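Listed below are the residues making up each chain.
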Amino acid sequence: MKDLTGLGPWVRANASLQGMLFQGMAGNAAFVAEPPTLGDLTRLMRACQQGGHSLRVLGEANNVLVGANQIPGVVLRLTAQPFREITVKDNTVRAGGGASVDSVVSAACKAGLSGLETLIGIPGSVGGALRLNAHDEAGDIGDHIRRVDVVTGDGQVITRERDELKFESQGNNLDDAVIAVAEFELEPEPEDAILRLMKRAWMKRKVHQPLRFGAMGPVFQEPSGLNAGELITKAGLLRHRVGCAEVSHRDGNYLLVRSPANADDILRLLELIQQRVRERFHVDLERKIAVW
Ligand SMILES: Cc1cc2nc3c(=O)[nH]c(=O)nc-3n(C[C@H](O)[C@H](O)[C@H](O)COP(=O)(O)OP(=O)(O)OC[C@H]3O[C@@H](n4cnc5c(N)ncnc54)[C@H](O)[C@@H]3O)c2cc1C
């Protein structure tokens, strides 16, 4: 395996993930890369392919668990300015894959552009939200996408236009290695009207979701025609706890995790939930959280 640190000081070998993971979770990776530019990212992708290194993208780490073993290959973070930039032009908002969803929603609101406001309060990055197809009752993040710039495993930057993208409740076809930039097409609206919608969405989220710091989820995919949170509630698992992790009393598909988080506790709780729901309802809950 080829060493990647020659690409620049932005690649670190045998690197700790301390401070990058959910609720102080510990972790270590063979390499952590934070490329400063898109050109550096494409060089990294090519070097990974040539050197046989796997690559995982870490957003804000709300849906990723890391075990005790070192993660082989590269953990990529889009922390540099070009990947966090948000620009507004006419009725489009262009945001880097590493920008936070909340900052994109705020920028759109300030510019008097409507469409994304109900996503306020969803923690995470634009890349993570697109990868996981973040959605709410008003629709999903993909409804307002005009195009997405992705970087493929062999280091090509490709623009995926709206008409080639499919967003459905169970997922989307944005399966390229890295989501680098997303462009949203929005509707002009007065700022105060957008703010009203945003406040309403926020209040609703506050009532139904565990917005408290340390909430993780949704932890399971919605089983076809069913609601994972409801099954977990009916199985009597609300507030059930294993070590640092507890099932939220507001929505069974979310966990409240105390710092320092421990992936083993969380996995044991997820397994227990899967077992109870299987025994009670003969439904196999599929994990949505990535385990590295
Ligand atoms: C309190 C709370 C409320 C929530 N409410 C909702 C809700 O209403 N609706 C909803 O749909 N979801 C909701 N979520 C889930 C939320 O959408 C995800 O937690 C979030 O989108 C994950 O983003 P992240 O940046 O933390 O991604 P991470 O956890 O870092 O990564 C998640 C996955 O995305 C991949 N990924 C991350 N960035 C990129 C990138 N740039 N390119 C390619 N792949 C990438 C990672 O490799 C990983 O597989 C909620 C979560 C919480 C904790």
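Here the structure is a predicted model, which is why all the values come from computation and not from measurement.

Details of the domain arrangement of the protein chain
Right, so step 1: By the assigned domains, the protein chain splits into domain 1 (5-79), domain 2 (84-208) and domain 3 (215-291).
Right, so step 2: Here the C-alpha centroids of domain 1 and domain 3 sit 28 Å apart.
Right, so step 3: Along the lines of polarity and charge, the residues of the side of domain 1 that touches domain 3 split into five nonpolar, five polar and no charged.

Examining the sheet that holds strand S20 (residues 255-257)
Right, so step 1: As summarised here, the arrangement of the four strands in space is S17-S20-S19-S18, forming an open sheet in which the pairing is antiparallel. In this open sheet, the two strands that pair with only one neighbour each are strand S17 (215-216) and strand S18 (241-242).
Right, so step 2: Bridging between strand S19 (residues 245-247) and S20 involves three bridges; their strand directions are antiparallel. Paired with Ala-245 across the strands is Val-257, a residue of S20.

A closer look at the site of the ligand
Right, so step 1: In the neighbourhood of the ligand, 32 residues make up the surrounding shell, with Gly-59, Asn-62, Gly-124, Gly-127 and Gly-128 lying closest.
Right, so step 2: With four residues, helix H3 (residues 126-131) is the largest single contributor of residues to the shell around the ligand.
Right, so step 3: Within the shell around the ligand, the residues separate by chemical class into 17 nonpolar, 11 polar and four charged.

Regarding the environment of Asp-136
Right, so step 1: Mapping Asp-136 onto the fold places it in strand S9 (residues 135-136).
Right, so step 2: C-beta crowding within 10 Å serves as the criterion here: with 15 such atoms nearby, Asp-136 is assigned to the partly exposed category.
Right, so step 3: Once the C-alpha coordinates of Asp-136 and Arg-196 are considered, the two residues, 60 residues apart in sequence, prove to be 17 Å apart.
Right, so step 4: Each residue touching Asp-136, except ones within four places of it in the same chain, is listed here: Thr-118 and Leu-119.

As for unusual backbone geometry
Right, so step 1: The peptide bond linking Gly-217 to Pro-218 adopts the cis configuration, its omega dihedral lying at -10°.
Right, so step 2: Mapped onto the elements of the fold, Pro-218 is located in the loop between S17 and helix H5 (228-234).
Right, so step 3: Put simply, Ser-259 and Pro-260 share a cis peptide bond, and its omega is 0°.
Right, so step 4: Relative to the assigned elements, Pro-260 resides in the loop between S20 and helix H6 (263-281).
Right, so step 5: Look at Ala-61: it is not a glycine, yet its phi comes out positive at around 65°.

With respect to helix H2 (residues 101-110)
Right, so step 1: Within the span of H2, buried status applies to Val-101, Val-104, Val-105, Ala-108 and Cys-109. For H2, the angular spread of the buried residues around the axis is 135°, confining them to a single face.
Right, so step 2: If you follow the buried residues of H2, they end up packed against strand S6 (86-89), strand S7 (92-96), strand S8 (113-114), H3 and helix H4 (191-208).

Examining H6
Right, so step 1: The terminal C-alpha atoms of H6, which comprises 19 residues, lie 26 Å apart, in line with the 27 Å expected from a rise of 1.5 Å per residue.
Right, so step 2: Within H6 the residues assigned to the buried category are Ala-263, Ile-266, Leu-269, Leu-270, Ile-273 and Val-277. Angular distribution of buried residues about the axis of H6 spans 130°; they occupy a single face of the element. For H6, the exposed residues set more than 90 degrees away from the buried face come down to Glu-271, Gln-275 and Glu-279.
Right, so step 3: His-282 occupies a position one or two residues after H6 and carries a positive phi of about 55°.

Some points on the environment of Ser-125
Right, so step 1: With respect to the secondary-structure elements, Ser-125 resides in the loop between S8 and H3.
Right, so step 2: A sequence separation of 65 residues divides Ser-125 from Glu-60, and the C-alpha atoms of the two residues are 5.9 Å apart.

A look at the sheet that holds strand S11 (residues 145-151)
Right, so step 1: If you trace the five strands from one edge of the open sheet to the other, you get S6-S7-S15-S11-S12, paired in antiparallel fashion. Strands with a single pairing partner mark the edges of an open sheet, and in this sheet they are S6 and strand S12 (157-161). The average angle at which neighbouring strand axes cross in this sheet is 15°, direction not considered.
Right, so step 2: Of the pairings in the sheet, the one linking S7 to strand S15 (residues 178-185) comprises five bridges and is antiparallel in character. Within S15, the position partnered with Ala-95 by the bridge is Ala-182.
Right, so step 3: Seen against the sheet, helix H1 (residues 38-51) touches S11, S12 and S15 and runs at an angle of roughly 55° to S11.

What counts, and at which threshold
- Residues numbered from 1 in each chain as written.
- Predicted model: local features only at pLDDT ≥ 70, side-chain atom pairs only at ≥ 80, totals over all residues.
- Domains from an automatic or database assignment.
- Nonpolar A, V, L, I, M, F, W, Y, C, P; charged D, E, K, R; others polar.
- Pairing = 2+ DSSP bridges.
- Helix = DSSP H or I, 4+ residues; strand = E, 2+ residues; numbered from the N terminus.
- Near = placed C-beta within 6 Å.
- Buried ≥ 20, exposed ≤ 12 C-beta atoms within 10 Å, placed from the backbone.
- Contact = placed C-beta atoms within 7 Å.
- Arc of directions from axis to C-beta.
- Expected span 1.5 Å × (residues − 1).
- Axes fitted to C-alpha atoms, helices over the stretch in contact; angles between N-to-C directions.

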